[in-house]
Amino acid sequence: MKILIVEDDASLREIIHRALAAEGYVVETASTFFEADSKLAGYSYDCILLDVMLPDGSGLDLLEHLRALGKRENVIIISARDSVEDKVTGLEFGADDYLPKPFHTAELLARVKSVLRRGRTAGELSINLGNVSLKPENRVVSISGKELPLLKKEYDILFYFMQRPSHVIDKAVLAEAVWGDYADDADNFQFVYAQIKNLRRKLVDAAATIEIVSVYGFGYKLVVKE
Amino acid sequence: MRLIYRIVVRLGIALFVIMSLWATMFYFAMVDEIRDETDDSLEDYSSLIITRVLAGRELPQVGDGSNNSFTLTPIDAAYAAARPHLKYEDHNFYIAEKQETEPARVLTTIFHDEQGRYYELQVATPTFEKDDLFHALLSWIVLLYLVLLLITLGVTTLIFYGNMRPLYAMLQWLDKYKPGVKPSPVPVDTQVKEFDRLGRALQGAVDRSEELVERQSQFIGNASHELQTPLAIIGNRVEWLLDEGNLTEEQAAELFKIQSTLGRAVRLNKTLLLLTKIENGKFPESTMVDVAALVEEAVEMYNEIYSSRQMQVKVDVGEGLKVEMNESLATTMVSNLIKNMYVHSAEGSSGSVRISSGRLIVENDGEQVLDGERIFDRFYQGPKSKGSMGLGLPLVAAVCRTYSLGISYQFRQGRHCFMVDFS
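Only a predicted model underlies this, so the values are computations on that prediction, with no experimental measurement involved.

### Some points on the sheet that holds strand 11 (residues 415-421) of chain B
Residue and element names in this part refer to chain B. Strand order in this open sheet of five strands is 6-8-9-11-10, and the pairing throughout is mixed. Lying at the two open borders of the sheet, with one neighbouring strand each, are strand 6 (312-316) and strand 10 (406-412). Going from strand to strand, the sheet's axes swing by 10° on average, the running direction of each strand aside. Pairing analysis gives five bridges linking strand 6 to strand 8 (residues 350-356), with the strands arranged parallel. Note that in strand 8 the partner of K314 across the bridge is S352.

See below:
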């Protein structure tokens, strides 16, 4: 899997590079419109992470150019402007996803995986981990082929973890992902804990081979049992 | 007051003054002219009689159909000396012929014959009645005034609207204009120089204002870009350290604290951007929004998130409420209002969210009255509360301003009461 990062900020480029490389992807980078354009002319990639604001041009122009050339690469737009216009324009030009800055590494990895999965296996979109299988399109979770009934929040939490296995997830980040803006400024994360507790119990009862472990007392991590 | 009304009223007043002056002058000129004519005829009559008296001829008969009458009285010299010899007067005069007293013009002449005998001759002719003339004139003037007024105003109105069409086109255009929404060009389809200039000036002003809005939004975009990237870098580096795994418990705790603080900075930045975007009218699309559903969802969410506070929140959405507005702004408003209630409530206290007659009312227990003037200001912190940025109510207020909704704060019977009026 080859990924091209088009991002003008060296530090951010380095972190994304490192995080993606750690996941086993082959990663190349470009810091300008020109550099990205020449790389795209010569090589093909499975996924492109595209910053909208580049010093010598707009990422959206690059996307348009790419589509004009008939290339079908998966593109995730990374934009500092969390604006509806950018999102709409980007998706109109054929971007596969849109990720506003600032984002969490875990979120970026999940989006990349999701985009690649969609591109690779048309129709077969389930996420499998251990003996647990999750089908996002109909929100069904099954363990060893047997369906596991989950409440809405429990499903959302499990889905979030399954997209980011083995990564430490901060409670606050999880709360934001599942409860949305409502969880902004929450001073107490008992409500997250309560849901995790129920989910854990259901997983254990169904003899799942994955578990959500607490890390450092502040976060969680989804691991496959040995 | 509409321009045409003002013009009509002023024209009416001006016409009234002019007509009144003209009528007065006309009246006096008329009276003068009639008197002159009468005097001339009296004079002729008088000299006819005098000539006859002096010639010793027979005097004319009274009652010859001319309505003229005369009296001839011999007088002594002293009386003659004390009186002017020619005098015109208006007074009521008994006209023997008609056997009644009528207003008349009287010419009194004193003369003497060759023997030095003095006579006083009074000749009189009935004249017009001034009151009659005055009333006749007045009613004709009033009629003329009304007819003239109607014609003038009718013609003026026609000409006015015919010529002011470009002005009204521009006004209509201005009514439709909303800052931040790309406007159509100002309509300046006119040969009239003044309107042409006005149209150009309007277009210039709108272009400049649009450019400022555009530049401001660009500035916001750039500022946000400059801030979001460093924030993303810090966050991702912290996450990297946490993911690596070989940290001591204390180090991890510190990193989580950094992440939590960073989260606040990120939210602050996002919220400020949102606030600026709302104030710049960046949410023009609107749909029918079910406020009652938003209220129910928000209360359910916050009940769960703030479950540790054990609050008793009553919800009564009554007959529901649907309003035409931007969905994400409506959500922002409702959820911030309700969140404000949860964040600023003590453990175990109670609150209520009600919808009644087009109003959303959020109440919660409180101890002291808040500064109603400043409570909607950015970063205003009343009694300090944990987990508050001081931007929730300003967001609510900004949304209310966008849609001209009334928002108010009251403190009554130990409860804070926030009310948004949608009607």
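Structure's up, so let's keep going.
### Considering the pairing of strand 6 (residues 74-79) of chain A
All names here are of chain A. In terms of burial, strand 6 is a largely internal element, six of the six residues being buried. Where burial is concerned, the two faces of strand 6 agree: the one with N74, I76 and I78 and the one with V75, I77 and S79 are both buried. The pairing of strand 3 (residues 47-51) with strand 6 spans five bridges and is classified as parallel. Within strand 6, the position partnered with L50 by the bridge is I77. Of the strand pairs in this sheet, strand 6 and strand 7 (residues 97-100) are connected by four bridges, and their pairing is parallel.

### Describing the pattern of salt bridges
Scanning the model with the defined rule gives 25 salt bridges over all chains in all. Here E304 of chain B ties to K153 of chain A by a salt bridge, and the two come within 3.1 Å at their closest N and O atoms. Taken together, the positions of E304 of chain B in helix 6 (residues 291-305) and K153 of chain A in helix 6 (residues 152-163) put the pair across two chains. K153 of chain A shares its class with E304 of chain B; the two are buried. Residue D365 of chain B pairs with R415 of chain B through a salt bridge whose shortest N-O separation is 3.0 Å. Note that D365 of chain B is positioned in strand 9 (residues 359-365) and R415 of chain B in strand 11, a separation of 50 residues in sequence. Relative accessible area serves as the criterion here: at 28%, D365 of chain B is assigned to the partly exposed category. Several salt bridges share partner residues, and in doing so they unite R354, E363, D365, R412 and R415 of chain B into one network.

### Describing the environment of V295 of chain B
All names here are of chain B. Relative to the helices and strands, V295 resides in helix 6. We classify V295 as buried; its relative accessible area is 1%. Setting aside its immediate chain neighbours within four residues, V295 contacts V315, V317, V334, I338, V353, I355 and L360.

### Looking at the interface of chain A and chain B
Taken together, the 45 residues of chain A in the interface contact 44 residues of chain B. Taking both sides of the interface into account, the surface hidden between chain A and chain B amounts to around 4,000 Å²; carbon and sulfur atoms contribute 54%. Its largest share of buried area at the contact with chain B, chain A owes to Y182, D185 and Y216 of chain A, together 24% of the area lost on that side. Remark: the boundary between chain A and chain B carries two salt bridges. Between E14 of chain A and R237 of chain B there is a salt bridge, and its shortest N-O distance comes to 3.1 Å. In this structure, the connection of chain A to chain B is made through 15 residue pairs in polar contact (both at pLDDT 80 or more). Broken down by element, the side of chain A that touches chain B gets its largest block of residues, seven residues, from helix 1 (residues 10-22) of chain A. Residues of the side of chain A that touches chain B, tallied by class, amount to 18 nonpolar, 11 polar and 16 charged.

### Points about the packing of aromatic side chains
Taken as a whole and assessed by the stated rule, the structure comprises 20 aromatic pairs over all chains. For the ring pair F16 of chain B and Y145 of chain B, a centre distance of 5.7 Å and an interplane angle of 75° mean the geometry is edge-to-face. Of this pair, F16 of chain B sits in helix 1 (residues 3-55) while Y145 of chain B sits in helix 3 (residues 130-176), and the two are 129 residues apart along the sequence. Both rings, one in Y161 of chain B and one in Y168 of chain B, keep their centres 5.8 Å apart while their planes meet at 45°; by these two values the pair is tilted. Judged by relative accessible area, Y168 of chain B falls into the partly exposed class, the value being 26%. Lying over the aromatic face of Y160 of chain A, R164 of chain A brings its terminal NZ or CZ to 3.5 Å of the ring centre.

The rules we used
- Residues numbered from 1 in each chain as written.
- Chains lettered and ligands numbered in written order.
- Predicted model: local features only at pLDDT ≥ 70, side-chain atom pairs only at ≥ 80, totals over all residues.
- Heavy atoms only, no water.
- Pairing = 2+ DSSP bridges.
- Helix = DSSP H or I, 4+ residues; strand = E, 2+ residues; numbered from the N terminus.
- Axes fitted to C-alpha atoms, helices over the stretch in contact; angles between N-to-C directions.
- Buried < 20%, exposed > 50% of the residue type's maximum accessible area, 1.4 Å probe, protein only.
- Salt bridge = Lys/Arg side-chain N within 4 Å of Asp/Glu carboxyl O.
- Contact = heavy atoms within 4.5 Å.
- Buried area = accessible area lost by both parts, 1.4 Å probe.
- Polar contact = N/O pair within 3.5 Å; in protein donor to acceptor, adjacent residues only side chain to side chain.
- Nonpolar A, V, L, I, M, F, W, Y, C, P; charged D, E, K, R; others polar.
- Phe/Tyr/Trp six-rings, centres within 6.5 Å; stacked < 30°, edge-to-face > 60°.
- Lys NZ or Arg CZ within 6 Å of the ring centre and 35° of its normal.

Function cannot be inferred from these measures alone, as they are strictly geometric.
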